[in-house]
Amino acid sequence: MTKRNVKHDVKDLSLAPKGKLKIEYAAMEMPVLRLIRERFSKEKPLAGVRMSGCLHITSETANLAITLKAGGADLVLCASNPLSTQDDVAAALVAEYGIPTFAIKGEDSGGEDSTYYQHIQAAIAHKPQLTMDDGADLVSVLHKSYPEQLPDVLGGTEETTTGVIRLRAMAKDGALKFPVLAVNDSDTKHLFDNRYGTGQSTVDGIIRATNLLLAGKTFVVGGYGWCGRGLAMRARGMGAIVAVTEVNPVRALEASMDGFLVMPMAEAAKVGDIFVTATGGLHMIDDAHYDLMKDGAVLANTGHFNVEINIPALAKRAVRRRQVREFVEEFTLADGRRLYLLGDGRLINLAAAEGHPASVMDMSFANQALGAEYMKKNASSLKPQVYTIPAEIDREIARLKLQGMGIQIDTLTPEQVKYLQSWEEGT
Ligand SMILES: NC(=O)c1ccc[n+]([C@@H]2O[C@H](COP(=O)([O-])OP(=O)(O)OC[C@H]3O[C@@H](n4cnc5c(N)ncnc54)[C@H](O)[C@@H]3O)[C@@H](O)[C@H]2O)c1
């Protein structure tokens, strides 16, 4: 792999004023991050720490980056996905906030010398002491290609389910060389970001890409995890008939009792109008399923990597391919049926829409900011393992979010506390 060191690589710096407006607008919905930023400005908990963040470069991420910088971090950013960058935001990060950023929407990602990997290398050239990942690409490239830098890394944080799975696999093999906090495991992350954020923004991405009416359509959700649950719930809200596919019997049962149709993909393939994968796994829509699908079926993914739909197999079957709308590619099969792939099979909410609304990223990124502070303070006492963020931090984020939303809750009375703590009282 060629190693490079450049200052920034964004599409067009003249987009910066538009990006700044977007960043400021998103900040309105991010009260928790604002409170953290105010404290960070005074206390400087990350003073002088070199940080590299490999994240979706969106207006919400920009607010996180500004918060880390306010805390004293010396921060560099690169894209965690070739299609998720908002070019105006990337320009503003560089020109308005002085944060070196390496991210261009649509950058090529085929192979180790592609722009996507060059951008990751630029973030690594910053010699990070703390890493911040969304999908573990930064940590993975650091370990594979830059082992000489590993002793200088205090620790990292990881945003998403797929990244946490990769990191746990590295830790299990003894390959992980520094501790990482699994932001995704916080309740204030996956219960809201994965469920309500992905649920809404995935529907938004599909609609923006296709302008299809969801009412009356059969909408197949692949995987009933946190993302799948949110997506199924929101698709039903739009009037779709929702079918869920699963491999986990408990989750399949839950989907059924939540009122959704549950069936194997081989059955769903015959009836679905729109398919969305949300498993974090490989080829849940596979070659054989293409034989069964209806003319006009739409295929999209909202899981982290673009491997959930077997795109090479679809490409191999196609007798004709054409781009019919910006994020819609038509594949015509030998028997004349047409299948429509959205956003190259990449996370459709980030490719065709704007990712999660700021209100949920407020909590996810509060976990990132407080996680970075925690890692800086505690790295020396942590092993090279994957840890969850302490429950007190998770609860504090929920408390601050409620405060920001103007919602008050009850507190246990001393009498209630005593009751709950005693084993003697019964009926
Ligand atoms: N689009 C976004 O903005 C966004 C946001 C958060 C997470 N993610 C990503 O979405 C993916 C899912 O995340 P999650 O938090 O819902 O994960 P999860 O682990 O909670 O759920 C995944 C579900 O998929 C099921 N599954 C796995 N393989 C399957 C198969 N072949 N067929 C049917 N079901 C299968 C699992 O049993 C599980 O219930 C991950 O890749 C994650 O990183 C995307």
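The structure displayed is predicted, hence computed values, not measured ones. Think of each chain on its own: its residues are numbered from 1, step by step along the sequence as written. Local features in this predicted model are restricted to residues whose pLDDT is 70 or higher, and side-chain atom pairs enter the listing and the counts only when it is 80 or higher, whereas totals over whole chains, interfaces and linings include all residues. The basis for the side-chain values is all heavy atoms of the structure; hydrogens and waters are excluded.

1. Re the confidence of the model for the chain
Then comes step 1: Values of pLDDT, the confidence the predictor places in each residue, fall between 0 and 100. Chain-level statistics for the chain give a pLDDT mean of 96 and a share of 98% at 70 or above.
Then comes step 2: Predicted confidence for residues 1-6 stays below pLDDT 50, and this span has 17 contacts to residues more than four positions away or in other chains. In this description, contact between two residues means that some pair of their heavy atoms is separated by no more than 4.5 Å.

2. Here's the deal with the nonpolar core
Then comes step 1: By size, the foremost hydrophobic cluster in this structure holds 52 residues, and its most contacted members are L46, M51, I57, L64, L68, L77 and L93.
Then comes step 2: Sorting elements by how many residues they give to this core places helix α15 (residues 358-378) first, with ten residues.
Then comes step 3: Those residues in contact with L93, other than ones at most four positions away along the chain, are I57, A62, A65, L77, G98, I99 and T101.
Then comes step 4: Among buried residues, those of type Ala, Val, Leu, Ile, Met, Phe, Trp, Tyr and Cys that are joined through side-chain atoms within 4.5 Å constitute a nonpolar core. In this scheme, a residue with accessible area under 20% of its type's maximum is buried, one over 50% is exposed, and one in between is partly exposed, where area comes from a 1.4 Å probe on protein chains only. Counting residues in each nonpolar core, the second largest holds 26 residues, with C78, L138, M170 and F178 among its members. What counts as a helix is a DSSP run of H or I of at least four residues, what counts as a strand is a run of E of at least two, and both are numbered from the N terminus.

3. What about the sheet that holds strand β15 (residues 386-388)?
Then comes step 1: Two strands pair under a simple rule: DSSP has to find at least two bridges between them. Read from one edge of the open sheet, seven strands run β3-β2-β1-β4-β5-β6-β15, paired in parallel fashion. The strands lining the two open edges of the sheet, one partner per strand, are β3 (101-102) and β15.
Then comes step 2: Every axis corresponds to a line fitted to the C-alpha atoms, with the helix fit spanning only the stretch in contact, and the corresponding angles, defined between N-to-C directions, vary from 0 to 180 degrees. Strand contacts of helix α5 (residues 115-125): β1 (50-55), β2 (74-79) and β3, with the helix running at about 170° to β2, the strand carrying the most contacts.
Then comes step 3: Along the sheet, helix α7 (residues 161-172) makes contact with β5 (155-158), β6 (180-182) and β15, crossing β15 at roughly 135°.

4. Regarding the site of the ligand
Then comes step 1: Definition of nearness: a residue and a molecule or strand are near each other if at least one heavy atom of the residue lies within 4 Å of the molecule or strand. Taken together, 26 residues lie around the ligand, and T160, T161, T162, E246 and T302 are the ones closest in.
Then comes step 2: Distance and chemistry together define a polar contact, namely a pair of N or O atoms within 3.5 Å, with one atom able to donate a hydrogen and the other to accept it when in protein, and with adjacent residues in sequence counting only for side-chain atoms on both sides. With respect to the ligand, the side chain of T161 contributes an N or O atom lying 2.7 Å from an oxygen atom.
Then comes step 3: Here an oxygen atom of the ligand and a side-chain polar atom of T162 are 2.5 Å apart.
Then comes step 4: Note that accessible areas follow from Shrake-Rupley with a 1.4 Å probe, and for residues the cover is restricted to the protein chains shown. When the ligand is considered free in solution it has 860 Å² of accessible area, and contact with the protein chains removes 85% of it.
Then comes step 5: In a pocket analysis with a 2 Å cut-off to the grid points, the ligand is assigned to the largest pocket.
Then comes step 6: Taken together, the elements giving at least two residues each to the shell around the ligand come down to α7, α8 (187-210) and α9 (226-237).
Then comes step 7: Per-element accounting of the shell around the ligand gives the leading share, three residues, to α8.
Then comes step 8: Three classes are used, and their members are as follows: Ala, Val, Leu, Ile, Met, Phe, Trp, Tyr, Cys and Pro are nonpolar, Asp, Glu, Lys and Arg are charged, and the others, Gly among them, are polar. Each residue belonging to the shell around the ligand can be placed in one class, and the counts come to seven nonpolar, 16 polar and three charged. Only protein atoms enter the 1 Å grid used here. Points where a 1.4 Å probe fits but cannot escape make up a cavity, open sets with protein on both sides within 12 Å along at least five of seven lines make up a pocket, and a residue lines them when an atom lies within 4 Å of a point. Placement in a cavity or pocket follows one criterion, namely that more than half of the molecule's atoms lie within 2 Å of its grid points.

5. A closer look at the layout of surface pockets
Then comes step 1: Computed from the structure, the largest pocket encloses a volume of approximately 760 Å³.
Then comes step 2: In terms of lining, the largest pocket is formed by 41 residues, of which the most central are T160, T161, N194, C227 and G303.
Then comes step 3: Among the elements of the structure, α3 (59-70), α7, α8, α9, α14 (348-351) and α15 are those that each provide at least two residues to the lining of the largest pocket.
Then comes step 4: Split by residue class, the lining of the largest pocket holds ten nonpolar, 23 polar and eight charged. Grid points are joined across faces, edges and corners, and a volume is the space filled by probe spheres set on the points.

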